[in-house]
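For reference, the chains in residue letters:
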Amino acid sequence: MGIAKKVQKSGPSTIKKLFYRSVPFSYRYERTYRNTLRQLLANEERDTEVLLAEQNTAFLNLLGHAARNIPFYRNYLRENGLTIRDFESVADIVKLPVVNKEIINSDPRAFIDERLDHDKLLEFKTSGSTGTKFIFRGTDSMYKKEAAFVTRAYRSHGSNLYDDWSFWIRRYVPASDRDPLFKEDPELRRIYMSAYHLNNRSVHEYVELINRYRFETISTYPSSAYSLACLLEEEGLRIPHVKSIHLASEMLIDAWADKIRSVLPEVRLKAHYGQMEKTAFFHQTEESDNYVDDLEYGVTEFVDFNGVKKVIGTGFLNEAMPFIRYDTGDTVELLDNSARKGTGLPETVRRFIGRSDDIIITPEGNRLPGVNFYTMMYKIPWIKMFQIIQEETDKVRVKIVPYGAWTDEMADTTRVKLSERLGSMKIYIEECSEIPRSSSTGKIRCIHNAVV
């Protein structure tokens, strides 16, 4: 065991803090992280077609590994009369089945490299916010490679993640009312701030801390960045030292982005997309708000699903338990003309929309994706935030956080506009002071179908 691991595992807290303060992150995460990041940064200047060719080779290598060592894929090929010679390129990936959490949960060991000791692999858990809890296995190197991709995403807009301190309005919830709203993480050089307690009263404490430490980067959910911008405007507060806000884990609604940029015009607003399962990764760059495809991370397909494009990912990082053609449950809005030639990573995605099950289904069987409601709702001047919950086949409950006082006339007008999209469905509108966040993820789900 290296000294970095020994200190992090068993050293006293004072020694750990000194170690974290003195030793750069790249050395604490060792050679795997450094080598991966070095190659990722170099790839930004390489020919796109060369990167695509390397992606093709990586896919065929992963498939060969799966055919030899992963029972699920070895059995599938044999039962369907296929061998690895039937796969010449990424285009042949469609010969393989799409898998999801339910399939993997039915026999998780069938997806693990049979040469490895299952119990010695690291355990990863997803939140279960879609109703299916999910536990899978991986290795330490997978985690360190992932960190290199995240570092490149932040560096693409000028933020030096890990070596510079940053604020994270996410990943922390006080255990009780007696606990502070903030938590320091010297290992990753972050101050975590509760996303659950951000309101007109507490925002003064948040801003005081942000301005005292003068960190240049905030990492948070899009909904939290939007809430922060609204509160700064309402309370007349400023955070002049912040240069970038980095977003992940939720869809950035256009109205939220407009508000954030109007309140914080000097701040770079950028994002990346990924999942705990590590099957697909995309990020925005300094030059564009479109997303580039991190080709070294895996192969991402966009498959038609009820009028939207579903994200199907094949990840290269987790050889211990590889997921090939994994249904992420997310949907996407693609660019009309994706750039697949030139230098560096190709731009392919305008935005990631969210869960494919965030769809309202009318009694007539019409499927209404959540994105259909965002533009309409945020054009209504008194709506600060909203959430639509389908509780029954013919009923939705709509929670609305208004700007200022709420009136019956506002409720009636909102109901009329919603009826234009929802038809005969019963609409119950509820004015509230905030939209509750998921207790497991900290996110806000603006559209939630509780029936399917």
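Nothing here was measured: the structure is a model prediction, and the numbers come from that model.

1. Regarding the overall build of the protein
Here is step 1: When its secondary structure is counted, the protein shows 13 helices and 20 strands.
Here is step 2: The globule rule puts the C-alpha radius of gyration for 452 residues at 22 Å, and the 23 Å found for the protein is close to it.
Here is step 3: Its C-alpha atoms give the protein principal-axis dimensions of about 65 × 60 × 45 Å.
Here is step 4: Out of the 452 residues in the protein, the part that is buried amounts to 52%.
Here is step 5: Long-range contacts, defined here as pairs at least 24 residues apart, represent 64% of the contacts in the protein between residues at least 6 apart.
Here is step 6: For the protein, the exposed surface amounts to about 21,200 Å²; the carbon and sulfur share of it is 48%.
Here is step 7: Distance from the positive charge centre (64 side chains) to the negative charge centre (64 side chains) of the protein: 5 Å.

2. Some remarks on the environment of Glu430
Here is step 1: Structurally, Glu430 is set in strand β19 (residues 426-431).
Here is step 2: Residue Glu430 is classed as partly exposed on the basis of its relative accessible area of 32%.
Here is step 3: Taking the C-alpha atoms as reference points, Glu430 and Ile400, 30 residues apart in sequence, are found 6.2 Å from one another.
Here is step 4: Other than its neighbours up to four places away in sequence, Glu430 contacts Arg397, Val398, Lys399 and Ile400.
Here is step 5: A distance of 3.4 Å separates polar atoms of two side chains, one belonging to Glu430 and the other to Arg397.

3. Some thoughts on the packing of aromatic side chains
Here is step 1: On inspection of all chains with the given rule, the structure shows 29 aromatic pairs.
Here is step 2: Taking the centre distance of 5.1 Å and the plane angle of 90° together, the rings of Phe25 and Tyr33 count as edge-to-face. For the pair Phe25 and Tyr33, a shared accessibility class is recorded, and that class is buried.
Here is step 3: Summarising the aromatic geometry, the rings of Phe124 and Phe136 are spaced 5.4 Å apart at their centres and angled 15° between planes, so their arrangement reads as stacked. Of this pair, Phe124 sits in strand β1 (residues 122-125) while Phe136 sits in strand β2 (residues 135-138), placing them 12 residues apart in sequence.

4. Considering the side chain of Thr279
Here is step 1: Topologically, Thr279 is positioned in the loop between β8 (268-273) and β9 (282-285).
Here is step 2: On the basis of relative accessible area, Thr279 is assigned to the buried category, the value being 1%.
Here is step 3: Apart from the residues lying within four places of it in its own chain, the contact partners of Thr279 are Tyr297, Val299, Gly313, Thr314, Gly315, Phe323, Tyr326 and Thr328.

5. Side note on the pattern of salt bridges
Here is step 1: Taken as a whole and assessed by the stated rule, the structure comprises 29 salt bridges.
Here is step 2: Where Asp289 meets Arg261, a salt bridge forms, and the shortest distance between an N and an O atom there is 3.0 Å. Residue Asp289 is found in strand β10 (residues 288-293), and its partner Arg261 is found in helix α11 (residues 254-263); the two are separated by 28 residues along the sequence.
Here is step 3: A relative accessible area of 35% means that Asp289 is categorised as partly exposed.
Here is step 4: Between Glu333 and Arg351 there is a salt bridge, with its nearest N and O atoms 3.0 Å apart. Here Glu333, found in strand β13 (residues 326-334), pairs with Arg351, found in strand β14 (residues 347-355); they are 18 residues apart in sequence, far enough to count as distant.

6. What to know about the sheet that holds strand β18 (residues 395-402)
Here is step 1: Here we have 4 strands laid out as an open sheet, ordered β19-β18-β17-β20, and mixed in their pairing. Because the sheet does not close on itself, it has two edges, and the strands there are β19 and β20 (447-449). Each strand axis lies, on average, 15° off the axis of its neighbour in the sheet, ignoring direction.
Here is step 2: Note: β18 against β19, 6 bridges, orientation parallel. Bridging from a neighbouring strand, Val396 pairs with Ile427 of β19.

7. A short note on the packing of helix α4 (residues 30-43) against helix α8 (residues 140-155)
Here is step 1: Here α4 crosses α8 at 40°, and the two axes come no closer than 8 Å. The handedness of the crossing between α4 and α8 is right-handed. Here α4 contributes Glu30, Thr32, Tyr33, Thr36, Leu37, Leu40, Leu41 and Asn43 to the contact with α8, which in turn contributes Ser141, Lys144, Lys145, Ala147, Ala148, Phe149, Thr151, Arg152 and Arg155.
Here is step 2: Split into classes, the residues belonging to the contact of α4 with α8 amount to 7 nonpolar, 5 polar and 5 charged.

8. Some points on empty space enclosed by the protein
Here is step 1: One pass over the full model with this rule turns up 2 cavities of 30 Å³ or more.
Here is step 2: There is about 40 Å³ of room inside the largest cavity.
Here is step 3: The wall of the largest cavity is formed by Glu277, Lys278, Thr279, Gly315, Phe316, Leu317, Asn318, Met321, Pro322 and Phe323.
Here is step 4: For the lining of the largest cavity, the class distribution of residues is 5 nonpolar, 3 polar and 2 charged.

9. Details of the confidence of the model for the protein
Here is step 1: With 91% of its residues at a pLDDT of 70 or more, the protein has an overall mean of 88.
Here is step 2: At the level of individual helices and strands, the protein shows its lowest average pLDDT in helix α1 (residues 3-10), which scores 50, and its highest in helix α6 (residues 71-79), which scores 98.

10. Considering the environment of Glu364
Here is step 1: Tracing the backbone shows Glu364 in the loop between β15 (359-361) and β16 (367-369).
Here is step 2: For Glu364, a relative accessible area of 52% translates into the label exposed.
Here is step 3: Measuring from C-alpha to C-alpha, the distance between Glu364 and Gln55 comes to 44 Å, with 309 residues separating the pair along the chain.

11. Some thoughts on helix α10 (residues 222-235)
The periodicity of an α-helix, 3.6 residues per turn, causes residues three or four positions apart to be oriented the same way.
Here is step 1: Its 14 residues give α10 an end-to-end C-alpha distance of 20 Å, which sits within 8% of 20 Å, the value for a rise of 1.5 Å per residue.
Here is step 2: Burial analysis of α10 places 11 of its 14 residues in the buried class, the great majority of the element.
Here is step 3: Here α10 has its buried residues at Pro222, Ser223, Ser224, Ala225, Tyr226, Ser227, Leu228, Ala229, Cys230, Leu231 and Leu232.

12. What to know about the nonpolar core
Across soluble globular proteins, nonpolar side chains show a tendency to be buried alongside one another.
Here is step 1: Grouped together as the largest cluster of nonpolar side chains are 73 residues, with contacts concentrated most on Ile245, Phe373 and Met377.
Here is step 2: No other element matches α10, which puts 7 residues into this core.
Here is step 3: Not counting the four nearest positions on each side in its chain, Phe373 is found in contact with Ile360, Leu368, Phe386, Ile388, Leu418, Arg421, Leu422 and Ile447.
Here is step 4: In terms of nonpolar packing, the next biggest core, distinct from the first, is built from 50 residues, Phe25, Phe134, Tyr162 and Tyr326 among them.

Calculation notes
- Residues numbered from 1 in each chain as written.
- Predicted model: local features only at pLDDT ≥ 70, side-chain atom pairs only at ≥ 80, totals over all residues.
- Heavy atoms only, no water.
- Helix = DSSP H or I, 4+ residues; strand = E, 2+ residues; numbered from the N terminus.
- Rg over C-alpha atoms; globule rule 2.2 N^0.38 Å.
- Buried < 20%, exposed > 50% of the residue type's maximum accessible area, 1.4 Å probe, protein only.
- Contact = heavy atoms within 4.5 Å.
- Areas by Shrake-Rupley, 256 points an atom, 1.4 Å probe, with all protein chains shown as cover.
- Lys, Arg positive; Asp, Glu negative; His and termini not counted.
- Charge placed at Lys NZ, Arg CZ, Asp CG, Glu CD.
- Polar contact = N/O pair within 3.5 Å; in protein donor to acceptor, adjacent residues only side chain to side chain.
- Phe/Tyr/Trp six-rings, centres within 6.5 Å; stacked < 30°, edge-to-face > 60°.
- Salt bridge = Lys/Arg side-chain N within 4 Å of Asp/Glu carboxyl O.
- Pairing = 2+ DSSP bridges.
- Axes fitted to C-alpha atoms, helices over the stretch in contact; angles between N-to-C directions.
- Left-handed = near helix turned anticlockwise from the far one by under 90°.
- Nonpolar A, V, L, I, M, F, W, Y, C, P; charged D, E, K, R; others polar.
- 1 Å grid on protein atoms, 1.4 Å probe; cavity = no way out; pocket = protein on both sides within 12 Å on 5 of 7 lines; lining within 4 Å.
- Points joined across faces, edges and corners; volume = space filled by probe spheres on them.
- pLDDT = per-residue confidence, 0-100.
- Expected span 1.5 Å × (residues − 1).
- Core = buried A, V, L, I, M, F, W, Y, C linked by side-chain atoms within 4.5 Å.

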